[in-house]
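# Summary of the model geometry
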There are 2 protein chains.
Amino acid sequence: MSESPPLGSHQLRARRLGLESQTEPLVIMHKNCPVCRSEGFRAKSRVELRFNDRSVVATLYQIDDGLVAEDQAGLSEAAWKKLLPNEGDVIEAAHPLAIESLSAVRAKLYGRRLSADQLAAIVTDIAAERYSDVELAAFIAAYAAQPFDLLETAALTDAMVSSGKRITWSSCVVADKHCVGGLPGNRTTPIVVAIAAAAGLTVPKSSSRAITSPAGTADVMETMTEVDLPLNRMKAVVEQHGGCLAWGGSLELSPADDIIIRVERALDVDCEAQLIASVLSKKVAAGSTHVLLDIPVGPTAKVRTPEEADVLAHNLVSVGSKLGLIVRPYISDGSQPVGRGVGPALEAQDVLAVLRNAPEAPEDLRSKALALAAELLNLAADIDPDEAREKARDLLDSGAALKKFMEICEAQGGFTEPPSAPFQTVVTARESGRVAAIDNRLLARAAKLAGAPEARSAGLRMRVRLGDAVLAGDPLFTLYGETEGEIDYALAYIAANADVIAISAP
Amino acid sequence: MSESPPLGSHQLRARRLGLESQTEPLVIMHKNCPVCRSEGFRAKSRVELRFNDRSVVATLYQIDDGLVAEDQAGLSEAAWKKLLPNEGDVIEAAHPLAIESLSAVRAKLYGRRLSADQLAAIVTDIAAERYSDVELAAFIAAYAAQPFDLLETAALTDAMVSSGKRITWSSCVVADKHCVGGLPGNRTTPIVVAIAAAAGLTVPKSSSRAITSPAGTADVMETMTEVDLPLNRMKAVVEQHGGCLAWGGSLELSPADDIIIRVERALDVDCEAQLIASVLSKKVAAGSTHVLLDIPVGPTAKVRTPEEADVLAHNLVSVGSKLGLIVRPYISDGSQPVGRGVGPALEAQDVLAVLRNAPEAPEDLRSKALALAAELLNLAADIDPDEAREKARDLLDSGAALKKFMEICEAQGGFTEPPSAPFQTVVTARESGRVAAIDNRLLARAAKLAGAPEARSAGLRMRVRLGDAVLAGDPLFTLYGETEGEIDYALAYIAANADVIAISAP
């Protein structure tokens, strides 16, 4: 080995461990490491690591043999990618500054309103990844328990916009369509974007991955094309084709939101203010001017009653207007899945069937996508409602929407057919009767247990709709999985929850 | 290598990593591990590991080289100690059952009352270490934001008692003394226990380590003797000497509480219901019948006003009586530290000075300990108040309390003098005047930054009290640390918070 200069009291040599921990940065040091001794670091201490002008706050674990030497800092992938050293480079380790904004999190927990400055400080610290998972969980729980009012929500949204990049467009009307979620399937976005872009609108659609659902639009699109586009490529696609269907995460729009969503998913909580801030911050940062918002309502959807939907719609419009955004709510039927597939590839198959005018295309998905596209043409292109409906249908029936969709996929990196799952099993009716109720939440959970969205071809395909007559033994839905273990796990869950699909006496 | 039977699809070989992660169980598997592939495990999945009749739910990280082979599960110390395999033993890995009690946590977040059954289910799952840190944070945040009422608090306390062992004693009166905390120093417990035991009471005192403070009684006692006693040794000490001063953690009393406290410490939140449940569950489980509770009140103590203290006192008495415990609150002055030391060894030095009737013994600590001891003799031994005061003083002045304290330390494993810190620095007054206010919270934080309680000799020693006249440059307190880095860190914090000790114009 060549001679190296001796290390200072805060210095360690970087070692890449290839350790996957999602986005949470970890560092592993030797128990006898001089830096731990001089700084008093113990297991689970938060440690700030610096290399050149980059820094990251990581959670420390300590080890007593083998993996790292006493002068090494073993970095997880998330930490390594923030610091970008070379193997063996000298990095510095120190106590992170106390996170002052945590006192505002505690104040919120205890029921106090937060000022715009306090929210900006929290969001800035989160975007800089200074919060540990436990601290993020406390922030999420705080606003779940002590809901933000509209002023706080607008301030939170604004802070989230400021935490990331903002995109500007040459067009002065920039349209967007979004669904607040909670309904399995319901993958209208790719169809609506294809129709709107084919009609000449600018629709730079960026979507999230699933939060608590079996698939987000980005998960679905990723089964057909690349969605992880850097900003300049995304802009080029839109400038050339009028639209795109990208993942928002790589665009660095409202990055604090992505970090919050990761822990929200683990906690399985959704809150209205965070929903509004999450949706609208992405839209403002993406440079949108007109946003159509699908709000499905049903007893087991995210929004359960028309009254709740009215409040949410009002709050979305109100916070949007504070941020200079024209928001139109579209309240829709959320009593059962839209389309047949639930899960990334299964929903992609539905989308393609509609765009291709295939005979097996789910009629409910087609008609809802057409209605939304017409609303968007009316809102953003100022076309008369009747004319907008006709135009949307023409663009879909003529194949113009399919052509546009394929152009967008090609521009994003090429189109591929969505994959099929290697394992499947049919779930059948235990008794004869009529399909009286479909529990969207239990259904979504079953699709997730089958592996969706991480396992892209996993999920389920509906074989019945509300009101259908079935005989005992008739198929209700088919489960798809990439491993037998996951299918078994979903089956056990379904067996324990007979009311996933309720059959009433014939 | 000898031939081994092939592994089943859920099986891995245990590998001890020597990885310290506090009490959080971790498992590291290879990215291409067949169990991960068949079960769909990803980084940060929760995985249930089983060996013989033992099991543990661990957080998964994945690695792509070196550390673990594809058929190995690398276990952190916390996971290893729950499973107790031998190196290379075959363990099973599976999806943990969904934690049903998390829906009650979410219900609490959203403001609903919890039933005794729901609380019992939550506490049982926590005691079995089924909750991840993020889930624990959500539970803690939920009751911080939506305080438990007295019925919920009593149910929580009862559930915590049921989660662990219960101790029984031959004596029908079992006394205890506890401080709700929040005041630096204030280490009366060892003195009170020594006096009460010398008076013939049964005082099986088990204490916690610091939650958010620079030292708990167990941390202080640990600088002088062993505190980590198994139950049978603790009982033997008490049967022989009438009292003990042990750490509660090793007694497996109310183990759910210890798990909750670890995450509460990271979040730096304290809540009344959790405080009551934590204190009273330990007392009930320890077999106490009469409990004296010191409640210091001051603008920067945990309890800030006499009104708050009255409410807390009432709630402690009320919940105690639901559990068959006689609780007597003792509301005391919390405007400044009691004694001079803040930090484990520094407080131990104060305790010894009082017990030894040394000339440098802090008078405030002596008089408060005497008053509490007299209260306890009155409460539990039914001695008239005046007589109780005289008896307590006699036992201290005669050396009987010191003798009892030394007997207890010897019985717990031998007495040693508390250590001194290798580094110290004096913090001086910036201007002349009178000591107008002492901020207990900032002072506690400075002591913690100096390394307390993990660094046992770290902390600070007060050189002034409220009302003292000081000249610019006079010492206010001395900082002690085991590393220069920690002292520097505490100094930087003090420099940024000039109001740790406020000096009014002369």
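Residues numbered from 1 in each chain as written. Chains lettered and ligands numbered in written order. Predicted model: local features only at pLDDT ≥ 70, side-chain atom pairs only at ≥ 80, totals over all residues.

### Examining the overall build of chain A
The secondary structure content of chain A amounts to 18 helices and 18 strands. Taken over C-alpha atoms, the radius of gyration comes to 25 Å for chain A, in line with the 23 Å a tight globule of 506 residues would show. Its C-alpha atoms give chain A principal-axis dimensions of about 75 × 55 × 50 Å. Looking at chain A as a whole, 58% of its 506 residues qualify as buried. Taking contacts inside chain A between residues at least 6 apart in sequence as the whole, the part at least 24 apart equals 79%. (Helix = DSSP H or I, 4+ residues; strand = E, 2+ residues; numbered from the N terminus. Rg over C-alpha atoms; globule rule 2.2 N^0.38 Å. Buried ≥ 20, exposed ≤ 12 C-beta atoms within 10 Å, placed from the backbone. Contact = placed C-beta atoms within 7 Å.)

### Focus: the relation of the copies chain A and chain B
Mapping chain A onto chain B calls for a rotation angle of 179° and an axial translation of 0.0 Å; the resulting RMSD is 0.1 Å. Expressed as an axis order, the relation between the two copies is that of a two-fold axis. Closest approach to the rotation axis within chain A is made by the C-alpha atom of A:Val134, at a distance of 2.6 Å. Take the interface residues of chain A: 100% of them recur as interface residues in chain B, which is what a same-surface contact looks like. (Least-squares fit on C-alpha atoms with pLDDT ≥ 70 in both.)

### Side note on the environment of A:Leu12
Residues and elements named next belong to chain A. Following the sequence through the fold, Leu-12 ends up in strand S1 (residues 11–20). Here Leu-12 falls in the buried class, since 28 other C-beta atoms lie within 10 Å of it. Expressed as a C-alpha distance, the spacing of Leu-12 and Val-90, which sit 78 residues apart in the sequence, is 5.5 Å.

### Topic: the sheet that holds strand S18 (residues 501–504) of chain A
Residue and element names in this part refer to chain A. Across the sheet, three strands lie side by side as S16-S14-S18; this open sheet has antiparallel pairing. Among the strands making up the open sheet, the edge pair consists of strand S16 (469–470) and S18. Sheet analysis places strand S14 (residues 433–438) next to S16, joined by two bridges and oriented antiparallel. Bridged to Gly-433 within S16 is Val-470. (Pairing = 2+ DSSP bridges.)

### Side note on the nonpolar core
Core analysis: the largest hydrophobic core is formed by 296 residues, its most contacted members being A:Ala141 and B:Ala141. Apart from the residues within four sequence positions on either side, A:Ala141 is in contact with B:Leu109, B:Ala137, B:Ala138, B:Ala141, B:Ala142 and B:Ala145. Judged by nonpolar contacts, the second largest core, of 60 residues, contains A:Ala73, B:Leu17, B:Val35 and B:Ala58. (Core = buried A, V, L, I, M, F, W, Y, C linked by C-beta atoms within 7 Å.)

### Notes on helix H7 (residues 189–198) of chain B
Of all the 10 residues making up H7(B), 10 are buried; the element is thus mostly covered by neighbouring parts of the structure. All of the buried residues along H7(B) are B:Thr189, B:Pro190, B:Ile191, B:Val192, B:Val193, B:Ala194, B:Ile195, B:Ala196, B:Ala197 and B:Ala198.

### Re the interface of chain A and chain B
Of the residues lining the interface, 45 residues belong to chain A; the matching set on chain B comes to 45 residues. Listing elements by their share of the side of chain A that touches chain B, those giving two or more residues are S1, helix H1 (34–39), strand S4 (54–63), helix H3 (102–109), helix H5 (133–145), helix H10 (255–267) and helix H18 (484–496) of chain A. Sorting elements by how many residues they give to the side of chain A that touches chain B places H5(A) first, with eight residues. Here the side of chain A that touches chain B is composed, by residue class, of 21 nonpolar, 12 polar and 12 charged. Note that S1(A) and strand S4 (residues 54–63) of chain B share two bridges and pair antiparallel. Paired with A:Leu19 across the two strands is B:Ile63, which belongs to S4(B). (Nonpolar A, V, L, I, M, F, W, Y, C, P; charged D, E, K, R; others polar.)

### As for H10(A)
Residue and element names in this part refer to chain A. The end-to-end C-alpha distance of H10 is 19 Å, a good match for the 18 Å that 13 residues give at a rise of 1.5 Å each. With 10 of its 13 residues buried, H10 lies for the most part within the structure. Along H10, the residues that are buried comprise Pro-255, Ala-256, Asp-257, Asp-258, Ile-259, Ile-260, Ile-261, Val-263, Glu-264 and Leu-267. Just past H10, the residue Asp-268 takes up positive phi, approximately 60°. (Expected span 1.5 Å × (residues − 1).)

### Observations regarding the domain arrangement of chain A
Residues and elements named next belong to chain A. Looking at the assigned domains, one finds that chain A contains domain 1 (11–94), domain 2 (102–162), domain 3 (175–251 + 271–412) and domain 4 (423–504). For domain 3 and domain 4, the distance between their C-alpha centroids amounts to 26 Å. Taken residue by residue, the interface counts 23 residues in domain 3 and 20 residues in domain 4. Breaking the side of domain 3 that touches domain 4 down by element, the ones donating at least two residues are strand S12 (341–342) and helix H13 (344–355). (Domains from an automatic or database assignment.)

### Regarding the pairing of strand S8 (residues 203–207) of chain B
All names here are of chain B. With five of five residues buried, S8 is to be regarded as a mostly interior element. Here S8 shows two buried faces, one formed by Val-203, Lys-205 and Ser-207 and the other by Pro-204 and Ser-206. Across five bridges, S8 lies against strand S9 (residues 243–247) in parallel orientation. Within S9, the position partnered with Ser-207 by the bridge is Trp-247.

### A few points about unusual backbone geometry
Trans is the common state for peptide bonds, and a negative phi is the common state for residues other than glycine. All names here are of chain A. With an omega of 0°, the peptide bond between Ala-452 and Pro-453 qualifies as cis. Mapped onto the elements of the fold, Pro-453 is located in the loop between helix H17 (440–449) and strand S15 (459–462). Its identity is not glycine, yet Asp-268 carries a phi of approximately 60°, on the positive side.

### Quick notes on the sheet that holds strand S16 (residues 469–470) of chain B
Two modes of strand pairing occur in sheets, parallel and antiparallel, and in both the strands are linked by backbone hydrogen bonds. Reading across from one edge, S16-S14-S18 (chain B) is the order of the three strands in this open sheet, with antiparallel pairing throughout. At either margin of the open sheet sits one strand with a lone partner, and together these are S16 and strand S18 (501–504) of chain B.

### Let's talk about the packing of helix H4 (residues 116–127) of chain B against helix H10 (residues 255–267) of chain B
All names here are of chain B. At a closest axis distance of 8 Å, the pairing of H4 and H10 adopts a crossing angle of 75°. Taken together, the axes of H4 and H10 lie roughly perpendicular to each other. Residues Val-123, Ile-126 and Ala-127 of H4 form the contact with H10, whose own contacting residues are Pro-255, Ala-256, Ile-259 and Ile-260. Here the residues of the contact of H4 with H10 are counted per class, giving seven nonpolar, no polar and no charged. (Axes fitted to C-alpha atoms, helices over the stretch in contact; angles between N-to-C directions. Parallel < 35°, antiparallel > 145°, perpendicular 65-115°, else oblique.)

### Thoughts on the environment of B:Ala273
All names here are of chain B. Mapped onto the secondary structure, Ala-273 falls in helix H11 (residues 272–285). On the basis of neighbour count, Ala-273 is assigned to the buried category, with 21 C-beta atoms found within 10 Å. Between the alpha carbons of Ala-273 and Pro-147 there is a distance of 6.9 Å; along the sequence they are 126 residues apart. Dropping the residues within four chain positions of it, Ala-273 is found in contact with Tyr-143, Pro-147, Phe-148, Glu-152, Thr-153 and Leu-156.

### Focus: the environment of B:Ala128
Residue and element names in this part refer to chain B. Among the secondary structure elements, Ala-128 is positioned in the loop between H4 and helix H5 (133–145). A count of 16 C-beta atoms within 10 Å places Ala-128 in the partly exposed class. Separated by 111 residues in sequence, Ala-128 and Glu-239 have C-alpha atoms that sit 31 Å apart.

### Comments concerning the packing of helix H7 (residues 189–198) of chain A against helix H14 (residues 363–380) of chain A
Residue and element names in this part refer to chain A. At their nearest, the axes of H7 and H14 sit 9 Å apart, and the two run at 45° to each other. Comparing their axes, H14 and H7 come out oblique. The element H7 and its partner H14 pack so that their crossing is right-handed. Along the contact surface, H7 presents Ile-191, Val-192, Ile-195 and Ala-196, while H14 presents Ala-369, Leu-372, Ala-373, Leu-376 and Leu-377. Looking at the contact of H7 with H14 residue by residue, the classes come out as nine nonpolar, no polar and no charged. (Left-handed = near helix turned anticlockwise from the far one by under 90°.)

### Examining the confidence of the model for chain A
Averaged over all residues, the pLDDT of chain A is 92; the fraction at 70 or higher stands at 99%. The ipTM value of the predicted complex is 0.76, and its pTM value is 0.79. (pLDDT = per-residue confidence, 0-100.)

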